[in-house]
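Below, each chain spelled out in residue letters.
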Amino acid sequence: MEESAFNALAEAELARIETALEACGADIDIEPKPGGILELEFDNGSKMIINRHTAAREIWVAAKSGGFHFRFQGESWVNTRDGRELWAMLADLVTAQADQPVQLNPQA
């Protein structure tokens, strides 16, 4: 995938993630940063970073429980280690850090 196509795809996904996080009901401070970065700060002080990594053509998530890389395959972003889908895994990671059940709607 060419860099410009990846950046457009990743930016659209990051925008959907930001919208879904804002609508999820958890107390999360979401701060978009230049270069395709979302910085999340939770009520308990923990942080999560979600960003595009253009060189690898991946979306990266740095959470309290570890770092995860997602590559676009077919119609979705999947974890390069275990094949889990980005949205399902992100909901689990946010739930763990928010200390409350969180559901994320990619269509939000």
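A brief report on the enclosed structure follows. Just so it is clear, the model here is predicted, and its values are computed rather than measured.

A short note on helix H2 (residues 86-98)
An ideal rise of 1.5 Å per residue puts 18 Å on 13 residues; H2 measures up with 18 Å between its terminal C-alpha atoms. Buried residues of H2: Leu86, Trp87, Met89, Leu90, Ala91, Leu93, Val94, Gln97 and Ala98, and no others. With a side-chain oxygen lying 2.8 Å from the backbone nitrogen of Trp87, the N-terminal cap of H2 falls on Glu85. Positioned one or two residues after H2, Asp99 has a phi angle of 60 degrees, which is positive.

Description of the sheet that holds strand E6 (residues 76-79)
The strand order across the open sheet built from six strands is E1-E2-E3-E4-E5-E6, with neighbouring strands paired in antiparallel fashion. The open sheet has two free edges, formed respectively by strand E1 (28-33) and E6, since each of these has just one partner strand. Put simply, the sheet's adjacent strands are angled 20 degrees from each other on average, direction ignored. Relative to strand E4 (residues 58-63), strand E3 (residues 47-53) runs antiparallel, the two being bridged by five bridges. Bridge pairing in E4 links Ile50 to Val61. On top of the sheet, helix H1 (residues 3-23) reaches E1, strand E2 (37-42), E3, E4, strand E5 (66-73) and E6; it is set at about 155 degrees to E3, its chief contact. Seen against the sheet, H2 touches E1, E2, E3, E4, E5 and E6 and runs at an angle of roughly 155 degrees to E3.

So, the side chain of Thr54
Looking at the secondary structure, you find Thr54 in the loop between E3 and E4. Within the structure, the side chain of Thr54 is placed 3.4 Å from the side chain of Arg52, a separation counted as a polar contact. Among residues more than four places away in sequence, those in contact with Thr54 are Glu3, Phe6 and Asn7.

What counts as what
- Residues numbered from 1 in each chain as written.
- Predicted model: local features only at pLDDT ≥ 70, side-chain atom pairs only at ≥ 80, totals over all residues.
- Heavy atoms only, no water.
- Helix = DSSP H or I, 4+ residues; strand = E, 2+ residues; numbered from the N terminus.
- Expected span 1.5 Å × (residues − 1).
- Buried < 20%, exposed > 50% of the residue type's maximum accessible area, 1.4 Å probe, protein only.
- Polar contact = N/O pair within 3.5 Å; in protein donor to acceptor, adjacent residues only side chain to side chain.
- Pairing = 2+ DSSP bridges.
- Axes fitted to C-alpha atoms, helices over the stretch in contact; angles between N-to-C directions.
- Contact = heavy atoms within 4.5 Å.

Nothing here speaks to function; it is geometry throughout.
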